[in-house]
Structure formats: C-alpha cells, structure tokens
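Structure assessment
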Amino acid sequence: MQLGAFSISLAVKDLAKSISFYEDLGFARFAGEDAHGYAIMKNGDTLVGLFQGMFEKNMLTFNPGWDQSAGEVNPFDDVREIKAKIKAAGHEVSQEGGGETGIGSFVVMDPDGNPILIDQHR
C-alpha cells in the first residue's frame, strides 16, 4: 500500500509564533494561508503542517498521489482503496470525506490512540 507524501500535522495555539519557530529551525513556508489558519513548512523532504483551531490532537498525515513536494505521482493508491484495505484489516475509520472519485479523506487511530489522516487532494 502506497500512502503518499508524509507529514506531521501539529495543532498549534499561535500560528504566527509557530511559523517563526520553525523558520528558526531552517524550515520555509511551502503552502497554506494565515487567513485559513494553517501553514505547511518544509525543510528538505521534511514537512510539518501547522494548524490553528482545526483539530485537537497532533496527527500523522499521508497524501496519496503526492510526493514530498506536492508533485503528482502516477500511479498511486486511491484513498478509497486504502480505506477499504484498512477496514478489511478490521480497523475503524472516521471522519470520512469525499465522493466516489477525486479528493477524499479519512482518519484511522493507531493502537495508542494517535490519529492518522489519509488525505487525498486530487
């Protein structure tokens, strides 16, 4: 199963302070908008998403169909195929979104309660 680009998504209290901190660590803003409450920071192939007011816990995030620079990857495992495999393995999914094709997402919890977001943007 190919999950796509990996990043950590952090629930932050102050987006501007968090952006400044990660810039001090050598990250540069890669995507996102302050007005929408998020920034994606990049250092080499490492991605850190900073999200203010969007979710309660930090989570692992995978983006099927993208590489670490948000470039399209073909072929790729569609989010619905990944979800079906996760469910077939006996795991519960939540926060399912999207239609029958294109963008879609879901969350699965690991055995320790850590959320994992599978979020396809194309």
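That block above? That's the structure.
Below is a summary of the structure that appears in this document.

Once that is clear, we can look at helix H2 (residues 79-88). Looking at H2, one finds that the buried residues are Val79, Arg80, Ile82, Lys83 and Ile86. An end-on view of H2 places all buried positions within 155° of arc, on one side of the element. Buried residues along H2 sit in contact with strand S6 (93-98), strand S7 (104-109) and strand S8 (115-120).

Looking now at the packing of aromatic side chains. One pass over the structure, following the stated rule, counts 5 aromatic pairs. Consider the rings of Phe6 and Phe62, whose centres lie 5.2 Å apart with planes at 50°: the pair is tilted. Highlighted residues: Phe6 in strand S1 (residues 5-12) and Phe62 in strand S5 (residues 59-63), separated in sequence by 56 residues. Taken together, a centroid distance of 5.1 Å and an interplanar angle of 85° make the contact between Phe21 and Tyr22 edge-to-face. What makes Tyr22 buried here is its relative accessible area of 17%. Joined through ring pairs, the aromatic side chains of Phe21, Tyr22 and Phe27 make up one cluster. Here Lys42 stacks its cationic end above the ring of Phe30, 5.4 Å away from the centre of that ring.

As a further point, take the environment of Phe30. Its location among the elements puts Phe30 in strand S2 (residues 28-31). Look at Phe30 and you get partly exposed, because its relative accessible area is 35%. In the structure, Phe30 is positioned 10 residues away from Ile40 in sequence and 5.4 Å away in space, judged by C-alpha atoms. Beyond its immediate chain neighbours, meaning those up to four positions away, Phe30 contacts Ile40, Met41, Lys42, Leu47, Ser69 and Ala70.

Definitions and cut-offs
- Residues numbered from 1 in each chain as written.
- Predicted model: local features only at pLDDT ≥ 70, side-chain atom pairs only at ≥ 80, totals over all residues.
- Heavy atoms only, no water.
- Buried < 20%, exposed > 50% of the residue type's maximum accessible area, 1.4 Å probe, protein only.
- Helix = DSSP H or I, 4+ residues; strand = E, 2+ residues; numbered from the N terminus.
- Arc of directions from axis to C-beta.
- Contact = heavy atoms within 4.5 Å.
- Phe/Tyr/Trp six-rings, centres within 6.5 Å; stacked < 30°, edge-to-face > 60°.
- Lys NZ or Arg CZ within 6 Å of the ring centre and 35° of its normal.

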